Amino acid sequence: MKAGLRKIAALAALGLIFGGGLHARGRGEPGISDLTVYSVRGPSGVGLARLFEEPPEIDGFNVRMEALAHFDLIAVRFIAGGANFGVLPPNVAARIAASGRDIRVAAVIGTGMLSLLTSDPDVASVADLRGRTVEVAGQGSTPDFVFRRILSYHGLEAGTDVTLGFALALPELAQTLIAGLTPTALLPEPFASMALAGRPDLRQVADIQELWAAAGGQRDYPMTLLVVDGAFADANPAAVAAVLSAARASIEWVNSDPAAAGALVERHGLGLSAPVVSASVPRSNFVFIPATDARPSLEALLQVFYDYAPSAIGGAMPADSFFLRWE
């Protein structure tokens, strides 16, 4: 956790070298300001794929999309004051807000898409994980803390009753499941679908989303947020509404036409192949839930972060101002 914070802080020190400032002028267009929406390469950016093909047209703004390799790079831009909109995990957005930056949740654009997969014939339920190791992608991330809460609800303590491993990145974790080197793992889409397709005896132990609800979660748990710079939102409500409407339309289109969405993701270099996207979209839970509607489920998730590691969200639950009101 501390290493992640140090990494973001170090990158933030260089943040002013990045483009996409809040008030930068468009290239050679007097009176036109740049408006940048930062997405991320990989599954979390799939829902916004159509915006890369057709960015919204907004009077007074040159709207552009940019996909970065990691969430940390988007976080840096918000910390440095060089981002309008961006895609972030809930705890990262909360941590930036706690640091004093005016960053607001506009919408949840991805909810629970985790699968607990195993090839171990003796594992049929969460209770059967006692004494075993479960590989989890992303220490200190949403999957980590969601799973810890589920284990606790079933009378198991992570690190004592169940060992959690964090050594592998998502693509490698899927491959080790397929190869049989990892018996049991918790991983998101599209990597869960990739693993299931690659090994016939691999199966889903339980529905993580149902287990989360049973453990006290509010509805589904948010995985990905679309956030906006607060000062920009206050100064440009019409532009914010236009971007969010376009984002909603993109997500609806992706869900309705996974094959076409896969083609766009591949064409714009968003980090996944067309077949992988097409196959995984139906299981990926791309949504558009305005912040005010998503607040109960978001606060339920952030409370789990706070209970296990308060520093993961900046030491305190977010204030009311963290939730953008725009509809």
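Residues numbered from 1 in each chain as written. Predicted model: local features only at pLDDT ≥ 70, side-chain atom pairs only at ≥ 80, totals over all residues. Heavy atoms only, no water.

Chemist: What is the right way to look at the nonpolar core in this model?
Modeler: Note on soluble globular proteins: their nonpolar side chains tend to be buried together. Residues Leu35 and Leu88 are the most contacted members of the largest nonpolar core, which totals 95 residues. Here this core takes 9 residues from helix α10 (residues 237–256), the largest share from any one element. Aside from chain neighbours lying at most four places away, what touches Leu88 is Phe71, Ile74, Ala75, Phe78, Ala93, Ile96, Ile103, Thr224, Leu225 and Val227. By size, the runner-up hydrophobic cluster in this structure holds 11 residues, among which are Leu117, Leu177, Phe191 and Leu202. (Core = buried A, V, L, I, M, F, W, Y, C linked by side-chain atoms within 4.5 Å. Buried < 20%, exposed > 50% of the residue type's maximum accessible area, 1.4 Å probe, protein only. Helix = DSSP H or I, 4+ residues; strand = E, 2+ residues; numbered from the N terminus. Contact = heavy atoms within 4.5 Å.)

Chemist: What exactly am I supposed to notice about the sheet that holds strand β4 (residues 103–111) here?
Modeler: Within a sheet, neighbouring strands are paired by backbone hydrogen bonds and run either parallel or antiparallel to one another. Pairing in this open sheet of 6 strands is mixed, and the strands run β2-β1-β3-β10-β4-β11 from one edge to the other. Looking at which strands have only one partner, the edges of the open sheet turn out to be β2 (61–68) and β11 (286–290). Ignoring which end each strand starts from, the neighbouring axes of this sheet average 25 degrees apart. Taken together, the 3 bridges between β4 and β11 define a ladder with antiparallel strand orientation. (Pairing = 2+ DSSP bridges. Axes fitted to C-alpha atoms, helices over the stretch in contact; angles between N-to-C directions.)

Chemist: In this structure, what is going on with the pairing of strand β6 (residues 133–136)? I would like to understand it.
Modeler: Walk down a regular strand and you will see the side chains alternate between the two sheet faces. The pairing of β6 with strand β7 (residues 163–165) spans 3 bridges and is classified as parallel. Note that in β7 the partner of Glu135 across the bridge is Gly165. With helix α5 (residues 142–153) bridging β6 and its parallel neighbour β7, the resulting β-α-β unit is right-handed. (Right-handed = clockwise from strand over helix to strand, strands pointing away.)

Chemist: Quick question: what am I supposed to make of the side chain of Ser280 here?
Modeler: Summarising the element assignment, Ser280 is placed in helix α12 (residues 274–280). Sequence-distant contacts of Ser280, that is, excluding residues within four places in its chain, are made with Glu189, Pro190 and Ser193.

Chemist: Just to check I follow, could you spell out the pattern of salt bridges for this structure?
Modeler: Any two side chains of opposite charge can pair if their charged atoms end up close together. Tallied over the entire structure, the rule returns 15 salt bridges. One salt bridge connects Arg104 with Asp102, and the closest N-O pair in it is separated by 2.9 Å. Take Asp102: its relative accessible area is 36%, and that puts it in the partly exposed class. The salt bridge partner of Glu299 is Arg295, with a shortest N-O separation of 3.0 Å. Of this pair, Glu299 and Arg295 both sit in helix α13 (residues 291–308), 4 residues apart, which is roughly one turn of the helix. Overall, the relative accessible area of 26% leaves Glu299 in the partly exposed class. Exposure remark for Arg295: the relative accessible area of 23% places this residue in the partly exposed category. When salt bridges that share partners are traced, they join Arg295, Glu299, Asp320 and Arg325 into one network. (Salt bridge = Lys/Arg side-chain N within 4 Å of Asp/Glu carboxyl O.)

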